[in-house]
Amino acid sequence: MNRNTFVIGFMLFAIFFGAGNLIFPSALGMESGPGLWEALLGFVLTGVGLPLLAIIVSAYYDDGYRTALDRIHPWFSLAFLAIVYLTVGPFFAIPRTGATSFELAVLPFLTGGGAGDAAQAAAAGAAAAGDAGAPGQGPMLLFSLAYFGVALWLSLNPSKMVERIGAILTPVLLVCILLLIGKGVLWLHGRPPTLTQVEGTNGSIAFVNGFMGGYLTMDVLGSVAYAVIVLTAVRSKMGTARKVPAAALPDAGAGAAADHTPAVPAMAGGAGGAGGGAGAKETGNDLPAGHGGDEASLVMSVAHHSALSRRELVVQASLAGVVAAVSLAVIYVGLGWVSNRLPIDPSVVAGVKASGKDLGSFLLNTAAYGTFGEFGRVLFGVIVTLACLTTAVGLITATSEYFNDVWPRISYRTYAILCTLGSFVVANQGLAAVISKSVPVLLVLYPIVMTLLVLMLLENFVWKPPVLSQRLAVGFVTAVSVLSVAGVEAVNRLPWKEYSLEWAPFAALGIVLGLVGRRERAP
């Protein structure tokens, strides 16, 4: 590992670590009671392990998930990825970061939601959950204007975005979170779990609850978007593309075709992951960054990779993923442990849950005040804002990179501006409206992405499923997911529906039927 590995890993951690990643482990920590460690183990396995696998497996393909989806069908790949990027981009995830940071970090100050003792903390938690009196649309409009303005500025130069987030913003975010967790450990050391009588907290049930909680964070969906950023950053900073003197390059067109190298044209695309990406955009032309404008002496990064460079790409992407995964796991465990032992009356916890307020926000406000007093409210606001901002920057970049790669006539800068403006408009509709309109789409997309991840893991680590198996598996899962979200009664009776895994048997069925079909057609 070197500095670049940590910079890319911390960048990946920051764009994964949104406000929901603060709230989920905090609520799980309190609700698991004596089964804390089993619940956290399950949560880390799926909430950290699955996104890590999704990033690693994408490095085996030049265009990440786009290559794998093209095998299903190019038009399906185009439509599906466009929907994914629009959903995790301006239609849902990016606006949610702005709305969430306002409601958790700013609104409590505007409504006087302090956090002193447990009762005061409940008021702060209510404000953070959107229960306090609204101060009007003006503050949200001003906040979101500043928030998305900063996000756009950080996103306009993708190559500098990696450095700004990985080397600057992430360390600040980590220091703030570790301050909260470290002071909380000193404060609560020796205390037993707050909830000692919690139904279903024996080891196995607590593990299942944590396992499903990590699965339902849907961070694997974000991995589809973030994979492009990681692979482009690795290629740019680690130099995994093979270096060839310009004089040795074949003429454009015929020479490249004879060499079966789609490299030089792909370098201009940026987002596809086959070449320059961020570096190409910084120079504003079709050549990689750093050429200095002298084509005669140019040492050019050719997009095709030798076996060694492919291995290096996988290794470096894996190491960066491990840095992000370890950081996430440490934060999750720390937040879960602190929340598990907060000195709050169990009746207060029950009241927060019964009222429909967000338990995780309430617990974090309580922990912040309990550790740092009034300064804790400011610290919590900084943590939430940074967590949301880094995620927004990553998603703006990934979304703009993808659409610029598919339709390169429109510049990356234009896509980034449009994405940010769309997010600004949607965010000002309010958090509840954003979530209510977008969750059904996420529930359709997530099983398809999980199925694709399984197929990619099989191909690279076990055996390559035939194309028919891949098409049938994805087709069956798509149909079941749509019917499930539509509320079809027959789907509600399917096995594992209570775990949101009703799609899994159909993915397996598609793989098996594809194998049978291939054998029957064989001579």
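Rules behind the numbers
- Residues numbered from 1 in each chain as written.
- Predicted model: local features only at pLDDT ≥ 70, side-chain atom pairs only at ≥ 80, totals over all residues.
- Heavy atoms only, no water.
- Helix = DSSP H or I, 4+ residues; strand = E, 2+ residues; numbered from the N terminus.
- Buried < 20%, exposed > 50% of the residue type's maximum accessible area, 1.4 Å probe, protein only.
- Contact = heavy atoms within 4.5 Å.
- Areas by Shrake-Rupley, 256 points an atom, 1.4 Å probe, with all protein chains shown as cover.
- Phe/Tyr/Trp six-rings, centres within 6.5 Å; stacked < 30°, edge-to-face > 60°.
- Lys NZ or Arg CZ within 6 Å of the ring centre and 35° of its normal.
- Axes fitted to C-alpha atoms, helices over the stretch in contact; angles between N-to-C directions.
- Parallel < 35°, antiparallel > 145°, perpendicular 65-115°, else oblique.
- Nonpolar A, V, L, I, M, F, W, Y, C, P; charged D, E, K, R; others polar.
- Salt bridge = Lys/Arg side-chain N within 4 Å of Asp/Glu carboxyl O.
- Core = buried A, V, L, I, M, F, W, Y, C linked by side-chain atoms within 4.5 Å.
- Arc of directions from axis to C-beta.
- Polar contact = N/O pair within 3.5 Å; in protein donor to acceptor, adjacent residues only side chain to side chain.
- Patch = residues over 30% accessible without salt bridge, like charges linked within 9 Å, V, L, I, M, F, W, Y side chains within 5 Å.
- pLDDT = per-residue confidence, 0-100.
- Left-handed = near helix turned anticlockwise from the far one by under 90°.

Engineer: I tried to follow the overall build of the chain on my own but got confused; where do I start?
Structural biologist: A tally of regular secondary structure across the chain gives 24 helices and 2 strands. Among the 523 residues that make up the chain, the fraction classed as buried is 54%. Within the chain, contacts between residues separated by at least 24 positions form 83% of all contacts whose residues are at least 6 apart in sequence. When the accessible surface of the chain is split by element, carbon and sulfur atoms take 66% of a total near 21300 Å².

Engineer: What is the right way to read the environment of Val-208 from this model?
Structural biologist: Tracing the backbone through its elements, the reader meets Val-208 in helix α11 (residues 203-215). By relative accessible area, Val-208 is classed as partly exposed at 35%. Sequence spacing of Val-208 and Gly-42 is 166 residues, and the spatial spacing of their C-alpha atoms is 6.5 Å.

Engineer: What is the right way to read the packing of aromatic side chains from this model?
Structural biologist: For any pair of aromatic rings, the description rests on two quantities: the centre-to-centre distance and the angle between the ring planes. The tally for this structure, following the rule as stated, stands at 18 aromatic pairs. Aromatic side chains Tyr-85 and Tyr-402 sit 4.5 Å apart centroid to centroid with 10° between the ring planes, which places their arrangement in the stacked category. On the criterion of sequence distance, the pair formed by Tyr-85 in helix α6 (residues 74-88) and Tyr-402 in helix α19 (residues 374-406) is long-range, its members being 317 residues apart. Overall, Tyr-85 belongs to the buried group, its relative accessible area being 2%. With relative accessibility at 5%, the residue Tyr-402 sits in the buried group. Its guanidinium or amino end placed over the ring of Trp-153, Arg-164 lies 4.4 Å from that ring's centre, counting from NZ or CZ. One cation-aromatic arrangement involves Lys-183 over Phe-372; the distance from NZ or CZ to the ring centre is 4.7 Å.

Engineer: Looking at this structure, I do not really get the packing of helix α5 (residues 65-72) against helix α22 (residues 467-486). What am I missing?
Structural biologist: For any two helices packed against each other, the geometry comes down to the angle between their axes and how far apart the axes lie. Look at α5 against α22: their axes get within 8 Å of each other, and the N-to-C directions meet at 95°. When the axes of α5 and α22 are compared, the pair comes out roughly perpendicular. Side by side, α5 and α22 meet where Ala-68, Arg-71 and Ile-72 of the first sit next to Val-467, Gln-470, Arg-471 and Val-474 of the second. For the contact of α5 with α22, the per-class residue count stands at 4 nonpolar, 1 polar and 2 charged.

Engineer: I keep staring at unusual backbone geometry and nothing clicks. Help me out?
Structural biologist: What you tend to see is this: most non-glycine residues have negative phi, and most peptide bonds are trans. The phi dihedral of Trp-496 is positive, around 70°, even though this residue is not glycine. Here Trp-496 shows up in the loop between α23 (489-492) and α24 (504-521). Despite not being glycine, Ser-500 shows a phi value in the positive range, around 60°. In this structure, Ser-500 sits in the loop between α23 and α24.

Engineer: I'm lost on the pattern of salt bridges in this one. Help?
Structural biologist: Pairing between side chains of opposite charge can happen when their charged atoms approach one another. Taken as a whole and assessed by the stated rule, the structure comprises 7 salt bridges. The residue Lys-353 makes a salt bridge to Glu-31 at a minimum N-O spacing of 3.3 Å. Of this pair, Lys-353 sits in helix α17 (residues 346-354) while Glu-31 sits in helix α2 (residues 19-32), placing them 322 residues apart in sequence. When its relative accessible area of 44% is taken as the criterion, Lys-353 is described as partly exposed. Overall, Glu-31 belongs to the partly exposed group, its relative accessible area being 34%. Its salt-bridge partner being Glu-502, residue Lys-497 comes within 3.7 Å of it at the nearest N-O pair. When its relative accessible area of 22% is taken as the criterion, Lys-497 is described as partly exposed. Glu-502 gets classed as buried once you look at its relative accessible area, which sits at 8%.

Engineer: Can you walk me through the nonpolar core in this structure?
Structural biologist: Side chains that are nonpolar tend, in soluble globular proteins, to be buried together. Phe-17, Tyr-65 and Tyr-226 are the most contacted members of the largest nonpolar core, which has 146 residues in total. In contact with Tyr-65, other than residues within four places in its own chain, are Ala-54, Val-57, Ser-58, Ser-223, Val-224, Ala-227, Leu-452, Leu-453 and Met-456.

Engineer: Explain α5 here, please?
Structural biologist: Because each turn of an α-helix spans 3.6 residues, side chains separated by three or four positions in sequence point in the same direction. Among all positions of α5, only Tyr-65, Ala-68, Leu-69 and Ile-72 are buried. Seen along its axis, α5 keeps its buried residues to an arc of 95°; they face one direction.

Engineer: Teacher, can you tell me more about the side chain of Ser-423 here?
Structural biologist: Its place among the elements puts Ser-423 in helix α20 (residues 412-427). Ser-423 sits in the buried class, given a relative accessible area of 0%. In this structure the side chain of Ser-423 is engaged in a polar contact, spanning 2.8 Å, whose partner is the backbone oxygen of Cys-419. Contact partners of Ser-423, with chain neighbours within four places excluded, come to Gly-89, Pro-90, Ile-94, Pro-95 and Phe-148.

Engineer: Hey, could you run me through a nonpolar patch on the surface in this one?
Structural biologist: Taken together, the side chains of Met-1, Phe-6, Leu-178, Val-322, Val-326 and Val-330 present a nonpolar region at the surface, about 530 Å² in accessible area. The element best represented in the nonpolar patch is helix α16 (residues 307-340), accounting for 3 residues. Inspection of the secondary structure puts Val-322 in helix α16. Note on Val-322: relative accessible area 34%, which makes it partly exposed.

Engineer: I would appreciate a short explanation of the confidence of the model for the chain in the present structure.
Structural biologist: Interpretation of this model should avoid reading the predicted coordinates in detail wherever pLDDT is low. A residue-level look at the chain finds 79% of positions with pLDDT of 70 or above and a mean pLDDT of 79. Ranking the elements of the chain by mean pLDDT puts helix α14 (residues 263-267) last with 34 and α20 first with 94. With pLDDT under 50 throughout, residues 121-133 is counted as low confidence; its partners more than four residues away or in other chains account for 32 contacts.

Engineer: Would you mind showing me how to read the packing of helix α9 (residues 137-155) against α20 here?
Structural biologist: Interaxial distance between α9 and α20 falls to 10 Å at its minimum, and their mutual angle equals 160°. Put simply, α9 runs roughly antiparallel to α20. For the pair α9 and α20, the crossing hand works out as right-handed. On the side of α9, the interface is formed by Met-140, Leu-141, Ser-144, Leu-145, Phe-148, Leu-152 and Ser-155, while α20 contributes Tyr-412, Ala-416, Ile-417, Thr-420, Ser-423, Phe-424 and Ala-427. Here the contact of α9 with α20 is composed, by residue class, of 10 nonpolar, 4 polar and no charged.

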